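# Topology and contacts: notes
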Amino acid sequence: MVKKSEDKSMGKNNNIVSGVRDIFHKKKDQYYVFQTLIDNIPDYIYIKDGKSRFIMVNKAMADFLCSKPDDFIGKTDFDILPLKSAKEFSKNDIWVINNKKPINNICEKITHKGKEFCLSSTKIPLFDENGNIMGVIGISRNINKKKQLTDDALSYENNPFEALMDNIPDSIYFKDKKSRFVLISKALVKRFGLKKPEDAIGKTDFDFFEKEIAKQLYDTEQDIIKTGKP
């Protein structure tokens, strides 16, 4: 379980969380979309700042350590893990930050509830829009229970958002102001009977549903766009 630190105030945690929103170009909706996506991935996913403090953790990782995602914010591995594991995890974070390069498929060992686990981990540098190093994005799989990640699932180093869209089982889509598709998940590609996500670009629900259903969807979306309310 994550240790409680009395000296870390809620205000400080909120400042660190706001840093995540800056990563997503200060768009609050993208922050919550990304959190929702990673919370539906069974592997352990997290983002740390340049000082190895957690600024985002997904539900799977929090559940593994018997805690909640918000309990990690502002803390480091030394607040959470046994000293030996914390040193190993921190060393790998520092290497990624200093070298500005990813490391793939490393085994990070952790002792939890009296049992040792080997996590197959990939860590990639996180840059801002100007190319400055901001921190680390990590994804780990507990290979005590599961097989090692495939190369496709490890493609986060190229585009973490796209990789999540490719692997999440839910139907996710983005549309422009005219309700035309601009991005869809692979799960939705299957449901639409398409060959690839690009086949949906520029199309609307009228291309996939009966006119009455498509009209209801269109009217609902246009109301959201006009009012700004979900």
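Each remark here, short or long, concerns the structure printed above.
So, here is what we can say about the structure in this document. (Residues numbered from 1 in each chain as written. Predicted model: local features only at pLDDT ≥ 70, side-chain atom pairs only at ≥ 80, totals over all residues. Heavy atoms only, no water.)

### Concerning the overall build of the chain
We apply this condition: Strands here mean DSSP runs of E at least two residues long; helices mean DSSP runs of H or I at least four residues long; both are numbered from the N terminus. Think of it in three bands: residues with accessible area under 20% of the maximum for their type are buried, residues over 50% are exposed, and the middle band is partly exposed, with areas taken using a 1.4 Å probe on protein chains only. Contacts were defined at the residue level, with two residues in contact if any of their heavy atoms lie within 4.5 Å.
On a plain count of helices and strands, the chain comes out with eight helices and seven strands. With 230 residues in all, the chain has 42% of them scored as buried. Contacts in the chain between residues at least 24 apart in sequence constitute 40% of all its contacts with a sequence separation of at least 6.

### A word on the layout of surface pockets
Put simply, the rule reads: In this analysis a 1.4 Å probe is tested at points of a 1 Å grid over the protein atoms alone, and where it fits but cannot get out there is a cavity; an open set with protein on both sides within 12 Å along at least five of seven lines is a pocket; lining residues have an atom within 4 Å of a point. Grid points are joined across faces, edges and corners, and a volume is the space filled by probe spheres set on the points.
Its boundaries defined by the atoms lining it, the second largest pocket holds a volume of some 410 Å³. Those elements giving two or more residues to the lining of the second largest pocket turn out to be strand 6 (173–175) and helix 8 (211–227). When residues of the lining of the second largest pocket are assigned to their parent elements, the largest contribution, three residues, is made by helix 8.

### Here we look at the environment of Phe-127
Summarising the element assignment, Phe-127 is placed in strand 4 (residues 115–127). Along the sequence, Phe-127 and Ile-97 sit 30 residues apart, while their C-alpha atoms lie 9.8 Å from each other. Setting aside chain neighbours within four positions, we find Phe-127 in contact with Lys-100, Asn-132, Ile-133 and Met-134.

### What about the environment of Asn-58?
The criterion, for reference: Definition of a polar contact: a pair of N or O atoms within 3.5 Å, with one able to donate and the other able to accept a hydrogen when the atoms are protein atoms, and with sequence-neighbouring residues admitted only if both atoms are side-chain atoms.
With respect to the helices and strands, Asn-58 occurs in the loop between strand 2 (54–57) and helix 3 (59–64). The sequence separation of Asn-58 and Leu-37 amounts to 21 residues, and the corresponding C-alpha distance is 8.9 Å. Not counting chain neighbours up to four residues away, the residues in contact with Asn-58 comprise Gln-35, Ile-38, Asp-39, Ile-41, Asp-43, Tyr-44, Ile-45 and Pro-69. A polar atom in the side chain of Asn-58 sits 3.2 Å from the backbone nitrogen of Met-61.

### Describing the packing of aromatic side chains
Inclusion rule: A pair of Phe, Tyr and Trp rings is counted when the ring centres sit within 6.5 Å of each other, with Trp represented by its six-membered ring. The angle between the planes then sorts it: under 30 degrees is stacked, over 60 is edge-to-face, the rest tilted. Note on geometry: a ring has a charge over it if NZ (lysine) or CZ (arginine) is within 6 Å of the ring centre and within 35 degrees of the ring normal.
What the rule picks out here adds up to 10 aromatic pairs. Among the aromatic residues, those joined into a ring-pair cluster are Tyr-173, Phe-181, Phe-192, Phe-208 and Phe-209. When the ring centre of Phe-181 is taken as origin, the NZ or CZ atom of Lys-175, which lies over that ring, is 4.6 Å away.

### Things to note about the sheet that holds strand 1 (residues 44–49)
Cut-off, in case you're wondering: Between any two strands, pairing holds if DSSP finds at least two bridges. Think of each axis as a best-fit line through the C-alpha atoms, taken over the contacting stretch in the case of a helix, with angles from 0 to 180 degrees between the N-to-C directions.
Strand order in the open sheet made by the five strands is 2-1-5-4-3, with antiparallel pairing throughout. Looking at strand neighbours, the two that pair on one side only are strand 2 and strand 3 (103–112), the edges of this open sheet. Averaged over neighbouring strand pairs, the angle between their axes works out to 30° when direction is ignored.

### Some thoughts on the pairing of strand 4
Two faces, one strand: in a regular strand the side chains alternate between the faces of the sheet. The buried fraction of strand 4 amounts to 10 of the 13 residues, a majority that puts the element mostly inside the structure. For strand 3 and strand 4, the ladder comprises eight bridges, and the chain directions are antiparallel. Counted as the bridge partner of Lys-109 is Cys-118 from strand 4. Linkage of strand 3 to strand 4, two consecutive antiparallel strands, is achieved through a turn of two residues, within which Lys-113 is found at a positive phi near 55°. Linking two consecutive strands that pair antiparallel, namely strand 4 and strand 5 (residues 133–142), is a turn of five residues; a positive phi of about 85° is found at Gly-131 within it.

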